[in-house]
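# Coordinate analysis (summary)
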Protein chains: 2
Amino acid sequence: MPDSSLSGGDLALVAVVLVVSLAALGFAAYLVRAVLAADQGTAKMRDIARAVQEGAAAYLRRQFRTLGVFAVIVFLLLLVLPVAEGGWETRVGRAIFFLVGALFSASVGFIGMTLATRGNVRVAAAARGGGYQPSFRIAYRTGGVCGMITVGLGLFGAALALLLFDDTAPIVLEGFGFGGALLAMFMRVGGGIFTKAADVGADLVGKVEAGIPEDDPRNAATIADNVGDNVGDCAGMAADLFESYAVTLVAALILGQVFFGSVGMVFPLLIAAIGVIASVVGILASNPGKNDGSGMAPINRGFFTSAAVSLVLVAAASFIYLPSLSDGVDLSVSPQVLGFVSVFIGVVLAAAIQQLTGYFTETSRKPVKDIGRSSLTGPATVILSGISLGLESAVYAAVLIGGAVYGAFLIGGGAALYAVALAGCGLLTTAGVIVSMDTFGPVSDNAQGIAEMSGDIDEEGARVLTDLDAVGNTTKAITKGIAIATAVLAATALFGSYNAQINVALEEAGETLGDAFSLVNPNNVVGAVVGAAVVFFFSGLAISAVSRAAGRVVFEVREQFRTKPGIMDYSERPDYSAVVDICTKDSLRELATPGLLAVLAPVAVGFGLGIGPLAAYLVGAIAAGTLMAVFLANSGGAWDNAKKMVEDGAYGGKGSEAHAATVIGDTVGDPFKDTAGPAINPLIKVMNLVALLIAPAIVGLSVGEDANTTARVLIALGAVAIIVASVVVSKRRSVVVGGAPSTATDGTLKVTAP
Amino acid sequence: MPDSSLSGGDLALVAVVLVVSLAALGFAAYLVRAVLAADQGTAKMRDIARAVQEGAAAYLRRQFRTLGVFAVIVFLLLLVLPVAEGGWETRVGRAIFFLVGALFSASVGFIGMTLATRGNVRVAAAARGGGYQPSFRIAYRTGGVCGMITVGLGLFGAALALLLFDDTAPIVLEGFGFGGALLAMFMRVGGGIFTKAADVGADLVGKVEAGIPEDDPRNAATIADNVGDNVGDCAGMAADLFESYAVTLVAALILGQVFFGSVGMVFPLLIAAIGVIASVVGILASNPGKNDGSGMAPINRGFFTSAAVSLVLVAAASFIYLPSLSDGVDLSVSPQVLGFVSVFIGVVLAAAIQQLTGYFTETSRKPVKDIGRSSLTGPATVILSGISLGLESAVYAAVLIGGAVYGAFLIGGGAALYAVALAGCGLLTTAGVIVSMDTFGPVSDNAQGIAEMSGDIDEEGARVLTDLDAVGNTTKAITKGIAIATAVLAATALFGSYNAQINVALEEAGETLGDAFSLVNPNNVVGAVVGAAVVFFFSGLAISAVSRAAGRVVFEVREQFRTKPGIMDYSERPDYSAVVDICTKDSLRELATPGLLAVLAPVAVGFGLGIGPLAAYLVGAIAAGTLMAVFLANSGGAWDNAKKMVEDGAYGGKGSEAHAATVIGDTVGDPFKDTAGPAINPLIKVMNLVALLIAPAIVGLSVGEDANTTARVLIALGAVAIIVASVVVSKRRSVVVGGAPSTATDGTLKVTAP
């Protein structure tokens, strides 16, 4: 490994990067002031917004309390888990940075969501009288806060670790990445279950049974639905993109050190710092102009401006900084070309995924139109065409992502994995803008909900909010695609780091790898099958958790209709907080099983079957995870828009049989696209990070003096036992799927409106 | 590699095996006579049966004509494709045995189906007056013919190749396996599209729109539906199990030769010959007795008797024959133990999968009950709970199969792959019985259809046929699970053969493998992602093909209701043959794209990216394929039985909203369980065999004197171009998804009954 202590000049550069990260946080603070300065609308709007704020904050507080306990346990485990290099101070540093990563991840989610629940009402207020431009600006800038905090905190953590720990920083940063990814995964799963339990539950009772429209204040689940948008789409997604950002940087630093020493570590930080500048420019460029044809125009302008600024600056950085790259590695191209082209590949991939996702989920394109038309033959053909669309689109996305990895591999030569990691960094130079785009979605969705529920909105304003909501749906779908791509690049790079760790550990034990990593060993094939299986299992668990929780919501809302007959004629107020409470409790309870599975399955495979099957496990998980994530996201997105298409008047419009068929498709798609699908991103990174963290321990127990098969088998069995116990406990709860049969054993489902 | 020319004693043994294979065919002939001797029922029954016979035979004839052209092209390609060992006579032998394999596969399908279309009416006739035992016996023996032909022809081909080609037999048999697998895949896909297009189309127009029951003679799609049961579930499944059988034997022979020379090749044949005896005993043991509690009792008795006989005889064969095993390989156990335990693992796996599948798909168990209950909250929750059940059950099956492979790996030591192949042989010692069980399904399903349509059945007889149909549903689900397990074991073993081929080819070129097969190379990660992607793509294509073809069936049946108003009051006869014709044409047209994808994707990856990514591609395909196949099969099976549960009176019974919800679930499940899911079995074997066949050519173009990157890239691009062109053409056809909009643009779907 090349010398990797930082030179004085490099230290100065990293200090500059640290300052840039603080500047990003400063810009976020500026945006916060701008958003909060806007008008808060009518008293009714403020009332509703406050209920959403309180529900969302209460959920997050409770979630953090639960996860805090878990984080402390992991912290203690990390203190005793051996590190591949460095002494006790590295180990302690890694454990502390784990807490820092978890804290940052939680903070990004919390701050982003807190502001989103304040931005939404201001967007609604600004829309009154048809103020398209101001409400667009508030919504986008609310997202911008989230975006700038994401990149600011991610970059701050990485730069700080490098300044404090110098050449052992990559190991310390494993903890940082793991903390971020673990928290993000739990927030994704928990928030995803919350939001979809409320949404599906509200739709099933409201639209399907009671025949009242979406966001109708008579539905006891509406506030929970709006809370869900914030804790799922907003807090969950922000934490997820934060961890993508952090983990990609971590992987690049680890591999940079392996291949090029200190220069290899500093370069990714420079790219990220450039990303901060590019994001600021992009956010400022996204103001809607008078000549913009559609709502997507300013969004796209922001993205492409940001990408262009990044590319120019990265080119400069590559050609100024990289010639100093030590050349111990066999490169097929010059280091400058390697650096620039890798980042370029990442930027292009982001743009390509954006186009592809748009094609498969926009109302104006053929795939969604085909699904819409299939509604003429009923719900079954809607489901079937959505599933086949999702399966096929996953393939195109996988081929694009695979093509990017392969391109980086070709350009990278002997440092192929580093090139992959740099491509990941390239993908995330536009992270600030991407997070802004994404948060735009739930904020405008909520704004519409608040306006609708309050009734304090004129026709012009309602039209503005509908337009913003449609734009938000598209941006949400697009960022999902990009999030998956970052996850795959980060996981592939992390996976390379796993290999590097194993080799270091084996070297210390005086052993070599041999053919342990050979694809054709039958035990490795088993590892790959198990890795793919965990992705399927995780998805199945997430979907069934939503069904279960939604069943309880349905039951509660039905009960309220029954016990408070005045709800239907507005003479009684439904108890919104009861539903929020159910969603909170259930989502926290339900996230345990998928969470434990993600953390413990690699432990079971690694200690039980060995380092080869664990490597194959990760490959299986990456392959299946990529496809499953895109499949679930795109099927769900396409169903959602097929429904919108019919609601806009196609095939009979609202109330037609075609509409009923697409509503069913949308309901099936809800947990696909907002619970299971997006949670797969952090899942594959958490599993790779767990593998990275336990690699030295597995090698230690497998070879050399400390070899202890009994200990290995016991650890593996312990992990399996916890997973099985958790699954069994969650199955016990499955009795309430489909609502409480006691209320509807006669097969009739309609709630009789008084 | 050990010496692998056959000794005189071994030759004699193989000759005995050849005789056993002919005896199996003889027993099949005996069963044919027994079935045909039974009464053919009333004139009306015979009429209907004849229509089904003609439709089915016409379809297969047309399919074979189309596939014949394709087979000749592949034959010519095989003549020029280099072989790893042996001269031109090996190459010609391989090409000829390709044709033989294809012919055998087609014959098994054709003969099995022909007899099934004759057995069905006899089962219906025997049921009249409540003849449970005779009708059960006819249905099971009809299946027995299929089973005995499967094992007879498979064993005959393998033994013949060994007698004719001695130590180059494994290479010749690659052709045999490929021919069988390729034909089976096409028959699976084509038959699967046919049967589900007819079934879904019939249900959508009949049950959902016109409100007439299943198998109602007024529905123009009913005959096509019955034809579909035969060409899909019967011909397709028989060909599939034939190729599983043949391919497993081929893999065992290849690996046996690599590790143990001639003894390693002869032992798998002995196991297969024992399987013939066990199957005969099992089929004879399946007569329903007076004390049998349920219809599954004789079926299970047949299976377990067969398994027990196999185990005893295999133990004897291992301990008598295997001590002569040359011991150049580092084994951790004695060869006798290796042989017996490996086969034992396979037999146990078959039994375990049977139990597991039963648990997830039987009406009396919790999972299906949960889905049934979810029908109270409508179709969306039925779909969601079925999907999460499928995803979860796939994991348990994958862990079981993975456990079997890992067990074989542990026992196998230095010959781990051979142990995996032997476990595959063990799984198939009961093949005769398994095929009988499976064919039992469509035969009894058809018998009920014929009885219903003819009206010539008394109440007692109807009850018998309903019971038989329920038993058939369960056996069909179980055999699907076993078929997937055999596919995975065979594919894993084949994958090992790929490695062996590559090593031989590299050795000849004076090269070594290096770390080309290392899991952690980023290009190999890309290969794995692409491999998993092909499984997703293939599934998506198969499902959308069914949607498209079903749309056309719906259109045709609607047209007939419109233009022949007398159909509803029985005064006019619908034109059944028009629907059969649509299904025939469409399924043949639609099978091209998935078929080309399966054959050409490995070509593109292998020549384009190299031998490492191709190996990873196969691993990705095996991992994703295992899970996807079980997911699709079990979701579909569970929805089917949840519907039956409601039809039997739960949650409001027939006509309730719960029933409508489960009918939608069943319709979604139809192409899952009968088109896409089962076609994945031959898919993963076809891809492994293609990799095996092109391995020497890839190595030849990559290293040594003949290295030619341009040629490699051109071949890869050519393969990609054909796939893309085929996909584009099939997308052109997608305009008719959801039926013809011109007839129903107003959103109303009901066909007005005159």
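Residues numbered from 1 in each chain as written. Chains lettered and ligands numbered in written order. Predicted model: local features only at pLDDT ≥ 70, side-chain atom pairs only at ≥ 80, totals over all residues. Heavy atoms only, no water.

## Let's talk about the overall build of chain A
Counting secondary structure elements, chain A contains 19 helices and zero strands. By the compact-globule yardstick of 27 Å for 754 residues, chain A fits well, its C-alpha radius of gyration being 25 Å. Expressed as a percentage of contacts within chain A between residues at least 6 apart in sequence, the contacts between residues at least 24 apart total 85%. Surface accessibility of chain A: about 21600 Å² in total, with carbon and sulfur atoms responsible for 62%. (Helix = DSSP H or I, 4+ residues; strand = E, 2+ residues; numbered from the N terminus. Rg over C-alpha atoms; globule rule 2.2 N^0.38 Å. Contact = heavy atoms within 4.5 Å. Areas by Shrake-Rupley, 256 points an atom, 1.4 Å probe, with all protein chains shown as cover.)

## Let's talk about the relation of the copies chain A and chain B
Between chain A and chain B, which share one sequence, the superposing operator has a rotation angle of 180° and an axial displacement of 0.0 Å; the RMSD is 0.0 Å. The symmetry that links the two subunits is that of a two-fold axis. Measuring from the rotation axis to each C-alpha of chain A, the shortest distance belongs to S518(A), at 2.4 Å. A high fraction, 100%, of the interface residues of chain A reappear at the interface in chain B, so the copies pair face to face through one surface. (Least-squares fit on C-alpha atoms with pLDDT ≥ 70 in both.)

## Structural notes on the packing of helix α16 (residues 592-609) of chain B against helix α17 (residues 611-647) of chain B
For the pair α16(B) and α17(B), the least separation of the axes is 6 Å and the interaxial angle reads 150°. Facing A601(B), P602(B), V605(B), G606(B) and L609(B) of α16(B), the residues of α17(B) in contact are I611(B), P613(B), L614(B) and Y617(B). (Axes fitted to C-alpha atoms, helices over the stretch in contact; angles between N-to-C directions.)

## Re the side chain of H659(A)
Residue and element names in this part refer to chain A. Position of H659 among the secondary structure elements: in helix α18 (residues 657-702). One polar contact links the side chain of H659 to the main-chain amide nitrogen of G655, over a distance of 3.2 Å. Excluding residues within four positions of it along the chain, H659 makes contact with K643, V646, E647, G653 and K654. (Polar contact = N/O pair within 3.5 Å; in protein donor to acceptor, adjacent residues only side chain to side chain.)

## So, the nonpolar core
Formed by 580 residues in total, the largest nonpolar core has its most connected members in L269(A), F495(A), Y498(A), L269(B), F495(B) and Y498(B). Ignoring anything within four residues of it in the chain, the contact list for Y498(B) reads F517(B), I611(B), L614(B), A615(B), L618(B), A691(B), L692(B) and A695(B). (Core = buried A, V, L, I, M, F, W, Y, C linked by side-chain atoms within 4.5 Å. Buried < 20%, exposed > 50% of the residue type's maximum accessible area, 1.4 Å probe, protein only.)

## Overview of the interface of chain A and chain B
Contact residues are listed per partner, giving 87 residues for chain A and 87 residues for chain B. Of the roughly 7700 Å² buried at the junction of chain A and chain B (both faces included), carbon and sulfur atoms supply 78%. Applying the counting criterion to the chain A and chain B interface returns zero salt bridges. Summed over the shared surface of chain A and chain B, the number is four residue pairs in polar contact (both at pLDDT 80 or more). A per-class count over the side of chain A that touches chain B returns 53 nonpolar, 25 polar and nine charged. (Buried area = accessible area lost by both parts, 1.4 Å probe. Salt bridge = Lys/Arg side-chain N within 4 Å of Asp/Glu carboxyl O. Nonpolar A, V, L, I, M, F, W, Y, C, P; charged D, E, K, R; others polar.)

## Brief notes about the packing of aromatic side chains
Here the structure, examined in full by the defined rule, presents 54 aromatic pairs over all chains. One aromatic cluster is present, built from ring pairs that chain together F97(A), F104(A), F156(A), F165(A), F176(A) and F242(A). (Phe/Tyr/Trp six-rings, centres within 6.5 Å; stacked < 30°, edge-to-face > 60°.)

## With respect to the packing of helix α10 (residues 379-412) of chain B against helix α18 (residues 657-702) of chain B
All names here are of chain B. Orientation of α10 relative to α18, taken along the N-to-C sense of each, is 40°, at an axis distance of 8 Å. Viewed along their axes, α10 and α18 adopt a mutual orientation that is oblique. Of the two elements, α10 crosses α18, and the hand of that crossing is right-handed. From α10, P379, V382 and I383 reach across to α18, where they touch A661, T662, I664, G665 and V668. (Parallel < 35°, antiparallel > 145°, perpendicular 65-115°, else oblique. Left-handed = near helix turned anticlockwise from the far one by under 90°.)

## Digging into helix α9 (residues 366-374) of chain A
Of all nine residues that make up α9(A), seven are buried, and the element is covered over most of its length. Within α9(A), burial applies to P367(A), V368(A), D370(A), I371(A), G372(A), R373(A) and S374(A).

## Here we look at the confidence of the model for chain A
Per-residue confidence for chain A averages 87 on the pLDDT scale, and 95% of its residues sit at or above 70. Among the prediction metrics, the complex's ipTM stands at 0.90, with pTM recorded as 0.92. (pLDDT = per-residue confidence, 0-100.)

## Remarks on the UniProt feature "site: Determinant of potassium independence" (unreviewed entry) in chain A
With numbering aligned to this structure, UniProt lists the feature "site: Determinant of potassium independence" (unreviewed entry) at K476(A). Those residues within four positions of K476(A) in sequence are excluded, and the remaining contacts are D233(A), D438(A), G441(A), P442(A) and D445(A). (UniProt positions renumbered as here; feature names shortened; annotations may be inferred.)

## Structural notes on the environment of G461(A)
Residues and elements named next belong to chain A. Topologically, G461 is positioned in helix α13 (residues 459-508). For the pair G461 and I353, spaced 108 residues apart in sequence, the C-alpha to C-alpha distance is 33 Å. With residues near it in sequence (within four places) discarded, G461 still touches A127, R128, G129 and G130.

## Focus on the pattern of salt bridges
Between side chains of opposite charge, pairing is possible as soon as their charged atoms come close. For the structure shown, the criterion picks out 48 salt bridges over all chains. Where salt bridges share partners, they join K196(A), D199(A), K480(A), D640(A), D670(A), K673(A) and D674(A) into one cluster.

## Notes on unusual backbone geometry
Residue and element names in this part refer to chain A. The phi dihedral of D166 is positive, around 50°, even though this residue is not glycine. When you line up the elements, D166 lands in the loop between α4 (132-165) and α5 (169-210). According to the relative accessible area criterion, D166 is partly exposed, its value standing at 25%.

## Here we look at helix α19 (residues 709-732) of chain B
Between its first and last C-alpha, α19(B) extends 34 Å over 24 residues, near the 34 Å set by a 1.5 Å rise per residue. If you check which residues of α19(B) are buried, you get R712(B), A716(B), A719(B), I723(B), S726(B), V727(B) and S730(B). Buried-residue contacts for α19(B) involve α10 (379-412) of chain A together with α14 (522-563), α16 and α18 of chain B. Measuring from the side-chain oxygen of the N-cap residue of α19(B) to the backbone nitrogen of T710(B) gives 3.2 Å; that N-cap residue is N708(B). (Expected span 1.5 Å × (residues − 1).)

## Overview of a nonpolar patch on the surface
A cluster of nonpolar side chains, V69(A), I73(A), L77(A) and V80(A), forms an exposed patch at the surface whose accessible area comes to about 400 Å². Tracing the backbone shows V69(A) in helix α2 (residues 43-80). (Patch = residues over 30% accessible without salt bridge, like charges linked within 9 Å, V, L, I, M, F, W, Y side chains within 5 Å.)

## Some thoughts on the environment of A307(A)
Residues and elements named next belong to chain A. With respect to the secondary-structure elements, A307 resides in helix α7 (residues 296-321). Its relative accessible area of 6% is what places A307 among the buried residues. Linking A307 and G551, residues 244 residues apart in sequence, is a C-alpha distance of 44 Å. Not counting residues up to four positions away in its chain, the partners in contact with A307 are V347 and T430.

## Focus on the environment of T117(A)
Residue and element names in this part refer to chain A. Summarising the element assignment, T117 is placed in helix α3 (residues 88-127). Once the C-alpha coordinates of T117 and I611 are considered, the two residues, 494 residues apart in sequence, prove to be 46 Å apart. Excluding anything up to four places from it in sequence, T117 contacts V52, Q53, A56 and N230.

## Describing the state of the cysteines
One covalent bond between the sulfur atoms of two cysteine residues makes up a disulfide. Enumeration according to the criterion identifies zero disulfides over all chains in this entry. There is no disulfide at C234(B), and the cysteine sulfur nearest it, in C146(B), is 5.0 Å away. (Disulfide = S-S within 2.5 Å.)

## Notes on the side chain of R712(A)
Residues and elements named next belong to chain A. Here R712 is to be found in helix α19 (residues 709-732). Although R712 is buried, it forms no salt bridge, and the closest oppositely charged side chain is E511 at an N-O distance of 11 Å. Excluding its chain neighbours within four sequence positions, the residues that come into contact with R712 are F607, G608, L609, G610, L701 and S702. (Lys, Arg positive; Asp, Glu negative; His and termini not counted.)

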